[in-house]
Amino acid sequence: METLKVIIGSNMSRWIMHTDMDAFYASVEQYRNHPELVGRPVCVGHDPKGGKGRGVVRAASYEARAKGIRSGMPVSQAYRLCPDAAFIQGEFESYGVASDEFMELLREYADGGRIRRASIDEAYIEVTEGVQLFGGPHKVASLIQESIWDVAKLPCSIGAAPNMAVAKVATGMNKPRGITIVGPDPKDVMRFLEALPVDAINGIGTKTAERLAKFGITSLGQIQRMTIPELWPAMGRSSGWLYRRARGIDERPIIDNGPRVRKSISKDRTFMEDVEPDAIEYLHGVLKKMCNRIGEKLRKKTLRFRTVTVKIRYSDYSTIQRSKSVPVETDCPDVLQRLAVEIFAHRRDREKSLRLVGVKVSGLKESSEQLCLTDFL
Ligand SMILES: [Mg+2]
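Procedures and definitions
- Just so you know, the residues in each chain are numbered from 1, in the order the chain's sequence is written.
- Thresholds applied to this predicted model are a pLDDT of at least 70 for local features of residues and 80 or more for the giving and counting of side-chain atom pairs; totals over whole chains, interfaces and linings are not thresholded and use all residues.
- Strands are runs of DSSP state E lasting at least 2 residues, helices are runs of H or I lasting at least 4, and numbering of each runs from the N terminus.
- Burial in this document is a count-based property: other C-beta atoms within 10 Å of a residue's C-beta are tallied, and the residue is buried at 20 or more, exposed at 12 or fewer, or partly exposed in between, with C-beta positions derived from the backbone.
- Here, residues touch in the contact sense if the C-beta positions derived from the backbone fall within 7 Å of one another.
- Every axis in this analysis is a line fitted to C-alpha atoms, fitted for helices over the stretch in contact. Angles between the N-to-C directions lie between 0 and 180 degrees.
- Two helices cross in a left-handed way if the nearer one is turned anticlockwise from the farther one by less than a right angle. They cross in a right-handed way if the turn is clockwise.
- When residues are sorted by character, Ala, Val, Leu, Ile, Met, Phe, Trp, Tyr, Cys and Pro go into the nonpolar class, Asp, Glu, Lys and Arg into the charged class, and all the rest, Gly among them, into the polar class.
- Here, strands pair whenever DSSP counts at least two bridges between them.
- Among buried residues, those of type Ala, Val, Leu, Ile, Met, Phe, Trp, Tyr and Cys that are joined through C-beta atoms within 7 Å form a set called a nonpolar core.
- Residue ranges assigned to each domain were obtained from an automatic or database domain assignment.
- Multiplying 1.5 Å by the residue count of a helix minus one yields the expected span of that helix.

(A) Just the overall build of the protein, in detail. When helices and strands are counted, the protein shows 14 helices and 13 strands. Taken along the three principal axes of its C-alpha coordinates, the protein extends 70 × 55 × 50 Å. The buried share among the 377 residues of the protein stands at 34%. Contacts spanning at least 24 positions in sequence make up 63% of the contacts within the protein whose residues lie at least 6 apart.

Given below as structure tokens:
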């Protein structure tokens, strides 16, 4: 057997890898659930009903993206862009299974077996040791990509950099099936970020980007030339954070966040036609039905919830979400229904007709015994 010499000096730069599945839900459908859909435009989401459907596309395969379809787009629009696309509802259970599978494959390459899941389809690992062992970051990334493709049948893109923040940006540069390596020289990291827009940084959303634009700041290069006090008027207490991120500085260690746990269960319903605001009985009926289905799921998975959220989208597309929590976790179906109806009745705009309603339970915990907390309410 070959003897491998691993030298890890304390002053050696870290290598962090961010792995992100390409078009995750659509890829699970194409490569795992429905191989007959490989190479075809696939939309996961609501039924477009020949262009009359009213929901949105939750995920689009790259073939669908080539036709201009994007996730979040109304299915009716997606249908007009590509009536030949396969529109499928999607099996959310299977996405969780696929996620667990590739996370375990990633773990094999992770220093100390530590893996930081960022969402169902992306994770960070440290590969400082792996880079020494296998001969460079590109080699490690290729091995990971191959193993995830061969074993889990999923395409992914990988970014490798001295830290999490830069690795995340790198991954997005070259999708699908890309590998992007940045660093380790801090000057190379700075140069990589320089030309990018401010919202390339994970944590800078549309609102913050708009705020920065008002101060004339649009690129990370501009921020690299600023001091923290100069950033203060635009960013306040987050100035130091943005100062560091724009320079590609991020010292967070990879902390394993354990196995995937379900954070919420939700159902929503987009109406075939907008519903008048005074159709109270009908609307309450819809809410109750959704609560029943959520209740069944909670029982099946022996989970309890603490928080109920009601989502309302009006016919003008404005959307509100309002929540209420109980003091102790419960799985009592009456509590769920009462809370949902109460939030809906008190918090919605009674003048506006509705396009969608949804219910979500969160703050989930495993339960062993039955308990009803009607007394608390
Ligand atoms: Mg992804």
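Read on for the rest.
(B) Representation of the environment of R54. Relative to the helices and strands, R54 resides in the loop between β2 (42-45) and β3 (57-60). For R54, a count of 19 C-beta atoms within 10 Å translates into the label partly exposed. In sequence terms R54 and S76 are 22 residues apart; their C-alpha atoms lie 6.4 Å from each other. Apart from residues no more than four positions distant in its own chain, R54 is found in contact with S76, T270, F271 and M272.

(C) Summary view of the packing of helix α13 (residues 280-300) against helix α14 (residues 333-347). Viewed as axis vectors pointing N to C, α13 and α14 meet at an angle of 145°, and their least axial separation amounts to 9 Å. Of the two possible hands of crossing, α13 and α14 adopt the one that is right-handed. Between α13 and α14, the contacting residues are H284, L287, K288, C291, N292, I294 and G295 on the first element and P333, L336, Q337, A340, V341 and F344 on the second. Each residue belonging to the contact of α13 with α14 can be placed in one class, and the counts come to eight nonpolar, four polar and one charged.

(D) Representation of unusual backbone geometry. Residue P176 follows K175 across a cis peptide bond; omega there is -10°. With respect to the helices and strands, P176 occurs in the loop between α7 (164-171) and β8 (179-181). Here G183 and P184 are connected by a cis peptide whose omega angle stands at 5°. The topology assignment puts P184 in the loop between β8 and α8 (186-194). For K153, which is not glycine, the phi dihedral falls at a positive 60°. Tracing the backbone shows K153 in the loop between α6 (137-152) and β7 (156-161).

(E) Representation of the sheet that holds strand β5 (residues 116-119). The five strands lie next to each other as β5-β6-β1-β7-β8, forming an open sheet whose pairing is mixed. Here the strands that pair on one side only, and so sit at the sheet edges, are β5 and β8. Strand after strand, the sheet turns through a mean of 15° between neighbouring axes, direction not considered. For strand β1 (residues 16-21) and β7, the ladder comprises six bridges, and the chain directions are antiparallel. Residue pairing across strands places T19 opposite I158, the latter belonging to β7. Taken strand by strand, α6 contacts β1, β7 and β8, and its axis lies near 155° from that of β7.

(F) Up close: the nonpolar core. Residues M17, C43, L106, I125, A160 and A167 are the most contacted members of the largest nonpolar core, which totals 70 residues. Summarising the domain contributions, this core has at least three residues from each of domain 1 (24-92) and domain 2 (191-251). Not counting residues up to four positions away in its chain, the partners in contact with C43 are V57, A60, A64, I69, A78, A85 and F87. Formed by 22 residues, the second largest nonpolar core is a distinct cluster that contains C291, I312, V359 and L364.

(G) Quick look at α6. Its 16 residues give α6 an end-to-end C-alpha distance of 22 Å, which sits within 8% of 22 Å, the value for a rise of 1.5 Å per residue. In the core, the buried residues of α6 are packed alongside β1, α4 (92-107), α5 (128-134), β7 and β8. In the segment just after α6, K153 is the residue with positive phi, at about 60°.

(H) Highlighting the packing of helix α11 (residues 228-235) against helix α12 (residues 239-246). Remark: α11 packs on α12, axes separated minimally by 8 Å, with the N-to-C direction vectors making an angle of 115°. Helix-helix and strand crossings are classified by hand; for α11 and α12 the assignment is right-handed. Touching I228, L231, W232 and M235 of α11 are S239, G240, L242 and Y243, all from α12. Partitioned by chemical class, the residues of the contact of α11 with α12 number six nonpolar, two polar and no charged.

(I) Focus on the sheet that holds β2. Pairing in this open sheet of three strands is mixed, and the strands run β3-β2-β4 from one edge to the other. Edge positions in the sheet fall to β3 and β4 (86-88), since each has one partner strand and no second. Strand after strand, the sheet turns through a mean of 25° between neighbouring axes, direction not considered. Set on the sheet, helix α1 (residues 24-33) makes contact with β2, β3 and β4; between it and β2 the angle comes to about 115°.

(J) Seen up close, the domain arrangement of the protein. Each domain of the protein was delimited in the assignment, giving domain 1 (24-92), domain 2 (191-251) and domain 3 (264-376). Distance from the C-alpha centre of domain 1 to the C-alpha centre of domain 3: 27 Å.

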